[in-house]
Amino acid sequence: MISKRLPSVIFRQSLRYPFSLCLLLLSAALLSPAQEESGEPTPAPAAGEAQLSAERSAFDEISGEVIFSGGARFSDGETLLEADEIRYSHTTGEAVAAGHVAFTRGRERLLADSLHYWRADKSFRAQNIRLGRAPYYISGTSAEGTGDEVLVHDALLIAHEPGAFQPRIAARSVRYRHDRDVVARNARFGIGAFTPIVLPKFTYRLNIPLASSLSFDAGYRSTLGAFAETGLYLPLGPDTRIGGVVSGYSKRGVMLGPEAHYEIERSAGLITAGDLQTGFINDYGDRLSDRLGRAVPKHRSFIQWWHSQDVTERLQLSAQLHYWEDSEVLRDFRPSLFYRNQSPDTYVQAVYAADRFFVSGLARLRPNDFAAVQERLPELRFDLPALRLGASGLHAQLQASAAALRERPPGSGAASTRSDRLDTYAALSRPISHADWFSLTPIVGARATHYAKASGGKRRYTRLLGEFGFDAALRASKTWNYQNPVWQIDGLRHLLTPTLGYRYVPQATKGRTWIPPIDTAPFSSYLPVLGLGDTRNIDALEPQHLLRLGLNNTWQTRAADYGSRDLLTLDLAQDLRFDRAAGQRRGSDLHAALAFMPAPWLQFDLYQRTRVDDFSLREVNAGLTLRDGPAWSLRLDSHYLRREINEYVLRYEVAVNEAITLLTRLHYDSRRSRFNEQAYGLRQNLGNIWSVQYTVSIYDGRRRESDFGFNFSVQALGF
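Small disclaimer: the values here were computed from a predicted structure and weren't measured.

Conventions we followed
- Residues numbered from 1 in each chain as written.
- Predicted model: local features only at pLDDT ≥ 70, side-chain atom pairs only at ≥ 80, totals over all residues.
- Heavy atoms only, no water.
- Helix = DSSP H or I, 4+ residues; strand = E, 2+ residues; numbered from the N terminus.
- Buried < 20%, exposed > 50% of the residue type's maximum accessible area, 1.4 Å probe, protein only.
- Contact = heavy atoms within 4.5 Å.
- Areas by Shrake-Rupley, 256 points an atom, 1.4 Å probe, with all protein chains shown as cover.
- Salt bridge = Lys/Arg side-chain N within 4 Å of Asp/Glu carboxyl O.
- Core = buried A, V, L, I, M, F, W, Y, C linked by side-chain atoms within 4.5 Å.
- pLDDT = per-residue confidence, 0-100.
- Patch = residues over 30% accessible without salt bridge, like charges linked within 9 Å, V, L, I, M, F, W, Y side chains within 5 Å.

Describe the overall build of the chain, listing the residues and the values that go with them.
Within the chain, the secondary structure is distributed over 3 helices and 42 strands. Relative to its full complement of 719 residues, the chain shows a buried share of 41%. Counting only contacts in the chain whose residues sit at least 6 apart along the sequence, the fraction spanning at least 24 positions is 45%. Accessible surface for the chain amounts to roughly 38,000 Å². Of this, 57% is attributable to carbon and sulfur atoms.

Here's what the structure looks like:
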């Protein structure tokens, strides 16, 4: 055996074994000095070449192998093999690596104790391997494969880094196909050493999460007893998952809730998406009564589903279903869903968007008898947005609809209100502007509404209304070269926009005696929509002869990245009524909206409604947010509605360290001098995989929920 130090040796497949020794000696004589002088790295080998380098090299005449040791490296242009020692046979094209083996091909990397590699078919066999692509990794006792796939024996698939709380799949064998999927046979799925779920065959696509969502909640509420809730969703696609929630309550029973979420992109970018949530329980506990005073049934369920689909590039379909067996089922068992939506709505709608107009169909139904819903059975609608008419400067707007309307009072047995309605609105406008500081748009319009099959009064009635008005605005601005590094202010700009809107609809209230009041105005403390064409409560119109004054203020500074950012906005608005309904004053309340956000760590927002004749507050909603990155955050809200609400809400979070955060939430009712809700909790991060939260809640006042609750929840952060 002859030994010689070689910085780099290149083998070509055209060479034959008898010349190998000569080639080694010649390379040592010619290549080493040149590399020492230039100091340049060895170029990547061309196709068909193999490159080896190490601190030491030797040639075994018996086996015909070249032995490289001490940081040995082997590459053939597609593959990089690193190890403590590499033995290479030119005759067979086999490389044998041992000790701290690293095998890299593209973005894939495999670590092993030992590895055999055959250049002819790019295949390999390895012992005690670890491989994968972030954030998923596979380990096993042995593996073999090619450039396309790897078969791992006695395998373990882990999300993120190994740990006691990491999700994992243990399998007899795992077939790993690069950039595609993982197929496991005789697999067991679980967390850490606990893998109770048996899967004879499991296929996992690498472009989707291992589990889209995994959660666990447990605790105690006096109305439900001790409870535990587990949710699991398995992926079927990049944005599609199926699973459900199983909940057990010691005082109420077991609730089963299959659920699904889907989002599929078809050809030409067309998207179909939806979400399904359900729950079914045989409730043997104290169910109390619903919002109508009726006894809550024993068999309780809910189904909530929304769907959106691009049928074609111009036709879009959407639907929503909210079916509750009783009005309290979500409030009792899914409070997070209930407080987000306490007025369930069910409809199906299709919209066709042409180049210049829209055609739509809407069916709104009432599957829940405890709710008041203005049903459409159905409504067909045509909308032509403002369209310029030639060179005249005039703009035309048109909308028309035909609807079969029905409204039934909550409960059963009450008489319903019905009507068939044809409605048309047309308007002409003429925008006038001067430079960029003045704009005026006069508007004239008409609305014709015909009612047929109306319940009560006349069976047929037609109402004709005219509309006259204008919208005007002045725009002014001023800039200052003010700098403040602390608040990140780079110059100031003030935008001032006074606005004026006028609308007059003569005899807007005519026909109220003969029109079934189905589309009426909902409760709102804000200013109503201005304009007959945009008014939705056309079955119960109020007098419309008013002047709306507005003043919009915006202070801005240059944004660090691009454009500008708002520092402060202040908007004021008030109506002056020339025609009034019973009980209305000449002037409406003054509405003010303020938003102050001078820095990312500070935000203040305020909505205030003030009666102008005595300056009494009618409504105030204010909020202050302070934050210091992930260290802590504070949110203080105030809600005031005269003679109705006077509440303060505090939310505070502070990070004790990187893993533990303390939480506080307080709801204080100053009218009754009590805390409606107190919640104190701790949130813990486990391995950047799980978020664990412990919460104690105390309630006061008359309510359906418990007066005390303890909750323990585990949520997957993603894997």
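Lay out the side chain of Glu 647 in plain terms, naming residues and giving numbers.
With respect to the helices, strands and loops of the structure, Glu 647 is situated in strand β38 (residues 645–655). Setting aside residues no more than four positions away along its own chain, Glu 647 makes contact with Asp 637, Ser 638, His 639, His 667, Tyr 668 and Asn 676.

Break down the pattern of salt bridges for me, citing the residues and quoting the values.
Taken as a whole, this structure holds 41 salt bridges when the rule is applied. Here Asp 539 makes a salt bridge to Arg 421, at a shortest N to O gap of 3.1 Å. Separated by 118 residues along the polypeptide, Asp 539 in the loop between β31 (489–505) and β32 (544–558) and Arg 421 in strand β26 (residues 417–429) bring together distant segments of the chain. For Asp 613, the salt bridge identified is with Arg 611, shortest N-O distance 2.8 Å. It is possible to trace a salt-bridge network through shared partners that takes in Arg 252, Asp 283, Arg 300, Asp 326 and Asp 332.

With reference to specific residues and values, describe the nonpolar core.
By size, the foremost hydrophobic cluster in this structure holds 42 residues, and its most contacted members are Leu 81, Ile 86, Leu 110, Leu 115 and Ile 138. For this core, the leading source of residues is strand β11 (residues 149–159), giving 5 residues. Residues in contact with Leu 115, not counting those within four places in the same chain, are Leu 81, Ala 95, Val 96, Ala 97, Val 101, Phe 103, Leu 110, Phe 124, Arg 125 and Ala 126. Listed in part, the 15 residues of the second largest apolar core include Leu 224, Tyr 249, Ile 281 and Val 373.

Please set out the confidence of the model for the chain residue by residue, giving values where relevant.
Here the chain shows a mean pLDDT of 86. Residues at 70 or above account for 89%. Looking across the chain, the model is least confident in helix α1 (residues 20–38), with a mean pLDDT of 34, and most confident in strand β22 (residues 346–353), with 98. Under a pLDDT of 50 for its full length, residues 1–47 has, in the predicted model, 63 contacts with residues more than four places off or in other chains.

Account for a nonpolar patch on the surface, with residues named and values stated.
Taken together, the side chains of Tyr 220, Tyr 694, Val 696, Ile 698, Phe 708 and Phe 710 define a hydrophobic patch exposed on the protein surface, amounting to about 470 Å² of accessible area. Every element with two or more residues in the nonpolar patch is listed here: β41 (690–699) and β42 (708–716). Under the relative-accessibility criterion, Phe 708 is labelled partly exposed at 37%.

I'd like a description of the environment of Thr 441, backed by residues and values.
Looking at the secondary structure, you find Thr 441 in strand β28 (residues 438–452). A relative accessible area of 21% means that Thr 441 is categorised as partly exposed. Note: C-alpha distance between Thr 441 and Pro 431 (10 residues apart in sequence) is 4.3 Å. In contact with Thr 441, other than residues within four places in its own chain, are Ser 429, Arg 430, Pro 431, Gly 469, Phe 470 and Asp 471.

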